[in-house]
Amino acid sequence: MTKTLQAALAPLMIIGSFCNLGLFEYPLGHSWLYLSCLYFLVIWSFLTYSVYYPVYSKVGRLLHPTIILAKITILIAAITSILVSFFYSKELKMCLRELSLVDDVMEAVGAPKEYQRLRKWIIRITILWIVYVFQNLVEVIYYNWFILDSDFDTICGMCSLNYPDLIHVLNALIWGTILGYTSSRFHQVNGRLHILYSYLFENNAYYRGQNRSIVVCQWITEPVDRKQYMWILM
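Residues numbered from 1 in each chain as written. Predicted model: local features only at pLDDT ≥ 70, side-chain atom pairs only at ≥ 80, totals over all residues. Heavy atoms only, no water.

A. Up close: the pattern of salt bridges. For the structure on display, the rule yields one salt bridge. E25 is paired through a salt bridge with K93; the nearest N and O atoms lie 3.8 Å apart. A residue pair is termed long-range when its members are at least 10 positions apart, and E25 in strand 1 (residues 24–25) and K93 in helix 4 (residues 89–108) qualify at 68 residues. (Salt bridge = Lys/Arg side-chain N within 4 Å of Asp/Glu carboxyl O. Helix = DSSP H or I, 4+ residues; strand = E, 2+ residues; numbered from the N terminus.)

This is the structure:
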């Protein structure tokens, strides 16, 4: 049974941390900033000096400059998205914590938490992303090995060139999941507020009707009381 929002998002966030789209957390909720930064520097230094620079320097003469510019733009955008995810990791934690508070309030007013359902959807999304990665790798390996007859180093380099694209897809899945869950919960909040407003409006109308009947009774009984007071005085 999934009890927290962080536990429901854990499969997707773990994959994201290994792709530098988040900080390593162990145990859950305890971030390792220095380890994540060191991992980022090691991975991207290796890819830059061992793969990207040799491949682009060789293939750059064969491809159109527009294609090279597009690939470099995707690479820079991937690195920028990773740095942004590191910078806003605390804000993301605060957002998830506030969403958990919203879920607690919604559970108190009768709306059950959907963490188990969310976790199942996230596992499916993670599996689909892994299948997409393997499909991409199979296409690149097949094209370079059987059609271009490339060697092993070239095939590894071409597979690594698609790594920024996979990061963009995973980043879109992470933020799309979080924003979609936030939107669904606030839709439920609006629905509960409408129900509460209609309930309060009906009660207010009922109490107004009771107050009006009391005022009418007072208006009717006041002249009778005045006549009694007049007879007593006489």
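B. Structural view of the side chain of S160. Positionally, S160 belongs in helix 6 (residues 152–161). We classify S160 as buried; its relative accessible area is 17%. (Buried < 20%, exposed > 50% of the residue type's maximum accessible area, 1.4 Å probe, protein only.)

C. Focus on helix 1 (residues 5–18). Its 14 residues give helix 1 an end-to-end C-alpha distance of 20 Å, which sits within 8% of 20 Å, the value for a rise of 1.5 Å per residue. At P11, helix 1 shows its maximal bend, which comes to roughly 55 degrees. Residues of helix 1 that are buried include every one of L5, A8, L9, A10, P11, L12, G16 and S17, and no others. With its phi angle positive at about 70 degrees, N20 sits one or two positions after the end of helix 1. (Expected span 1.5 Å × (residues − 1). Bend = angle between axes of the 7 residues up to and from the residue.)

D. Geometry of the confidence of the model for the protein chain. Looking at the protein chain as a whole, the pLDDT averages 76, with 81% of positions reaching at least 70. Low confidence marks residues 213–234, where pLDDT is under 50. Its contacts with residues over four positions away, or in another chain, come to zero contacts. (pLDDT = per-residue confidence, 0-100. Contact = heavy atoms within 4.5 Å.)

E. View of the packing of aromatic side chains. Applying the stated criterion across every chain yields a total of seven aromatic pairs. Taken together, a centroid distance of 6.5 Å and an interplanar angle of 50 degrees make the contact between F40 and W44 tilted. Here F40 and its partner W44 are both found in helix 2 (residues 33–59), four residues apart, which amounts to about one turn of the helix. A single burial state applies to F40 and to W44, both of which are buried. Pairing F87 with Y88 gives two aromatic rings, centres 5.0 Å apart and planes at 85 degrees, and the pair type is edge-to-face. Aromatic rings pair up to connect F40, W44, Y52, F86 and Y163 into one cluster. The residue whose ring lies beneath R124 is W121, and the NZ or CZ to ring-centre distance is 5.2 Å. (Phe/Tyr/Trp six-rings, centres within 6.5 Å; stacked < 30°, edge-to-face > 60°. Lys NZ or Arg CZ within 6 Å of the ring centre and 35° of its normal.)

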